[in-house]
Amino acid sequence: MAISVGGNTADKPVSDINTTPLVDVMLVMLIIFLIAVPVVVQNVKVKLPDVRYDPTATKPENVSLVVRGGPGDTCEVFWNRIPVTSKELLDRAVEKLKFEINRQGGPTAAGVELPEAHIRGDVDTPYRCIGGTIYTMQQAGFAKVGFISQPPAGTSDTER
């Protein structure tokens, strides 16, 4: 750096920029970025599972539900193709569970297999419809609630 000493420059304003603080800040930022960037850009390799579509073995005692969005932002639930309200869904689910438990020897019988609820939902079905159906089935006592889906187009059982 240079400074001017003496002469007739005291009357003129100094228009030189002191670049030392600017250079110091830039060097500190460069060091921070050199340290921080490798930490942020780390990749973790993850082996995702291969997706296979196994056909569902549906038992007669399982409950098949279809859920879709209805007109006017409502939800439509179908129990074996019969439309039901939320209250009817809960009542039917409780009755189905009681019937299956009694059919297998009662609640104290060994090896009681509870039925499952299989939900098939449309792509455009609002989540609140699916979530409400799951909640209702769990409230009725169904421990296993699953989803039925279609395999992607062009896949078959032989491609496994």
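Everything quoted here is computed from the prediction, not taken from an experiment.

Analysis parameters
One numbering rule holds for all chains: residues counted from 1, following each sequence as written. Thresholds applied to this predicted model are a pLDDT of at least 70 for local features of residues and 80 or more for the giving and counting of side-chain atom pairs; totals over whole chains, interfaces and linings are not thresholded and use all residues. The side-chain values count all of the structure's non-hydrogen atoms but skip hydrogen atoms and water molecules. Comment: elements are numbered from the N terminus, with helices defined as DSSP H or I runs of at least four residues and strands as E runs of at least two. For each residue, the accessible area found with a 1.4 Å probe, counting protein chains only, is set against the maximum for its type, and the residue is called buried under 20%, exposed over 50%, and partly exposed in between. Whether two strands pair depends on DSSP finding at least two bridges between them. Lines fitted to C-alpha atoms define the axes here, with helix axes fitted over just the stretch in contact, and angles between the N-to-C directions of these axes take values from 0 to 180 degrees. Residue contacts follow a heavy-atom distance rule, with two residues in contact if any of their heavy atoms lie within 4.5 Å.

Participant: Mind showing me how you'd approach unusual backbone geometry here?
Facilitator: The bulk of non-glycine residues show a negative phi, and the bulk of peptide bonds are trans. Even without being glycine, Asp 73 reaches a positive phi, approximately 60°. Summarising the element assignment, Asp 73 is placed in the loop between strand S1 (63-69) and strand S2 (75-79). The backbone phi angle of Arg 81 is positive, close to 70°, even though this residue is not glycine. Within the secondary structure, Arg 81 sits in the loop between S2 and strand S3 (82-84).

Participant: Looking at this structure, how should I read the environment of Asn 102?
Facilitator: Mapped onto the fold, Asn 102 is located in helix H2 (residues 86-103). The class for Asn 102 is exposed, based on a relative accessible area of 54%.

Participant: Mind showing me how you'd approach the sheet that holds strand S4 (residues 117-121) here?
Facilitator: To summarise the sheet geometry, strands pair through backbone hydrogen bonds and adopt either a parallel or an antiparallel arrangement. The strand order S3-S2-S1-S4-S5 describes an open sheet built from 5 strands, whose pairing is mixed. Single-partner strands in this sheet number two, and they are S3 and strand S5 (145-147). If you compare each strand with its neighbour and ignore which way they point, the axes differ by 30° on average. Both S1 and S4 contribute to a ladder of 5 bridges, which runs parallel. If you follow Ser 64 over to S4, its bridge partner there is His 118. Those strands touched by H2 are S1, S2 and S3, and its axis lies near 110° from that of S3. Along the sheet, helix H3 (residues 127-140) makes contact with S1, S2, S4 and S5, crossing S1 at roughly 150°.

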